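This is what each chain is made of:
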Amino acid sequence: MKSFDNFQINQKQSSIKWGEFVLKRTYGDEFGFETRAVHTGNDVDGETGAIKRPITMANSYELPYDPTNVNWSSADGNLYTRNGGSNQKYLQEKLASLEGGEDCIVLASGVAALSGLFFALLKSGDHVIFSSVTYIAVYRLLNELFNNKFNVETTIVDTTDINAVRSAVKPNTKLIHIETPGNPTLSISDIRAIADIAHENGALLSVDNTFASPYNQRPIELGADFTVESLTKYINGHGDAMGGAIIGKREYLDVIRAQSQVNLGGTISPFNAWLIMRGSVTLPLRMRQHNENALKVAKWLQKQKNISFVAYPGLENHKGHDIAKSQMSNGFGGVLSFGLKADHDTHNKFVQNLRVITSAVSLGHDESLIVFLGEDDERQYLYPEEFHNGFFRFSVGIEDAEDIINDLKQALEKVNLI
Ligand SMILES: *Cc1c(COP(=O)(O)O)cnc(C)c1O
């Protein structure tokens, strides 16, 4: 029997309280990261006693006796799945806990999370600073859409340089958005220092934590206001679902949630939220293997005579190694970039000869993925010199490190680079 006894509907603005679904068992900070990755957000299902909460594929929830007081734009209660559903809430509980934030919004993709954040926070006349190395959609959203269409001022800054960040700040700077490690160059920005600059100037800092995952880095604990994350990558980890998340303070997230879900419609499907919930259980185990494998592969690549460069923050010669060490607690992630001393077509031939490693975009999957980013990337002028002749972004998977290295080796041999 369903009952609305637990829902409190007081007035038009108030939310339907999420009564029946409150966790009976809670897993707070007294538990370690790995315990929370397993348990937080899960509970015994109230209806069946199942020890895993079920997928709820319904797009609507039953209304109370008198629905006229329901706020149709509320994102808090169980009303309509675009406004919010059970499975996304379970996942939100877990991710808020793993990232060390007050609250979390889970959306349809990493880009839905980025655009949800930007749309809710920025208005015309505001100024935003963002890293010269970011996911391409950040560049498109801020530097083309928000800038040209909505009169939001944008400044692209090499955020590895603290002085450059400081001098880019203006009286109307509302937001600084950084990505560290940055996609695709693996540049490292100092989260603590940039958070200080933002806060001294009344601005907010958001950090894209996709490359690190909360196992390796928790930006909110380092002073950021928001962590943004593509769940499509490490958090899900199995390459079979898309999602994104924003983690931060409730006062901001309430507003962002209403905009990004109810009005922009970036809601995640219950099935994808369920898949990501399932995948995220093994995040710590997978990250340990990604960290270990990527470091081994980076060190091996570094010794090959026809590799032009290797960018991995775990290498001591990486420009951002010391800062990475100070803000990444368990390791440096599974993504690295490298170049070949070879012409354009040899890069493609090399990829064609790989047998374990797959040529595909995306990253953070269980399997190793590689993508050749050619010489004519429009943002190349923003990257360091060594990236100008074409390079690979390589997401090192959780296979045997030896098999990954042997695969690279045999493919290099086939194109006469060993
Ligand atoms: C993939 C990615 C995104 C976008 O996430 P989607 O889930 O593909 O929308 C954002 N930021 C970074 C750093 C990414 O790698």
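Residues numbered from 1 in each chain as written. Predicted model: local features only at pLDDT ≥ 70, side-chain atom pairs only at ≥ 80, totals over all residues. Heavy atoms only, no water.

1. Topic: the domain arrangement of the protein chain
One frequent convention defines the size of an interface as the accessible area lost when the parts assemble.
Then, number 1: When its domains are assigned, the protein chain resolves into domain 1 (15–280) and domain 2 (283–414).
Then, number 2: Domain 1 puts 43 residues into the contact, and the matching count from domain 2 is 42 residues.
Then, number 3: Interface area, domain 1 with domain 2, both sides summed: about 3,400 Å², of which 55% is carbon and sulfur.
Then, number 4: When residues of domain 1 are sorted by the area they lose upon contact with domain 2, Y215, N216 and Y234 head the list and together hold 23% of the total.
Then, number 5: Remark: the boundary between domain 1 and domain 2 carries 2 salt bridges.
Then, number 6: If you list the elements that add at least two residues to the side of domain 1 that touches domain 2, you get α1 (33–39), α4 (136–150), α6 (191–200), α7 (213–216) and α9 (270–280). (Domains from an automatic or database assignment. Contact = heavy atoms within 4.5 Å. Buried area = accessible area lost by both parts, 1.4 Å probe. Salt bridge = Lys/Arg side-chain N within 4 Å of Asp/Glu carboxyl O. Helix = DSSP H or I, 4+ residues; strand = E, 2+ residues; numbered from the N terminus.)

2. Section: the environment of V106
Then, number 1: Mapped onto the elements, V106 comes out in strand β1 (residues 103–107).
Then, number 2: On the basis of relative accessible area, V106 is assigned to the buried category, the value being 0%.
Then, number 3: Put simply, V106 and G84 are 22 residues apart on the chain and 9.4 Å apart in space, counted from C-alpha to C-alpha.
Then, number 4: Here V106 is in contact with Q88, L91, Q92, L95, L231, G244, A245, Q261 and I268, once residues within four sequence places are set aside. (Buried < 20%, exposed > 50% of the residue type's maximum accessible area, 1.4 Å probe, protein only.)

3. Regarding the site of the ligand
Then, number 1: As a matter of local geometry, the ligand sits amid 15 residues, with G110, D208, S230, T232 and K233 nearest to it.
Then, number 2: Here an oxygen atom of the ligand and a backbone polar atom of G110 are 2.9 Å apart.
Then, number 3: Take V111: an N or O atom from its main chain is 2.9 Å from an oxygen atom of the ligand.
Then, number 4: Summarising the interface, the protein chains cover 95% of the accessible area of the ligand, which totals 380 Å² for the free molecule.
Then, number 5: Tallied by class, residues from the shell around the ligand come to 5 nonpolar, 7 polar and 3 charged. (Near = heavy atom within 4 Å. Polar contact = N/O pair within 3.5 Å; in protein donor to acceptor, adjacent residues only side chain to side chain. Areas by Shrake-Rupley, 256 points an atom, 1.4 Å probe, with all protein chains shown as cover. Nonpolar A, V, L, I, M, F, W, Y, C, P; charged D, E, K, R; others polar.)

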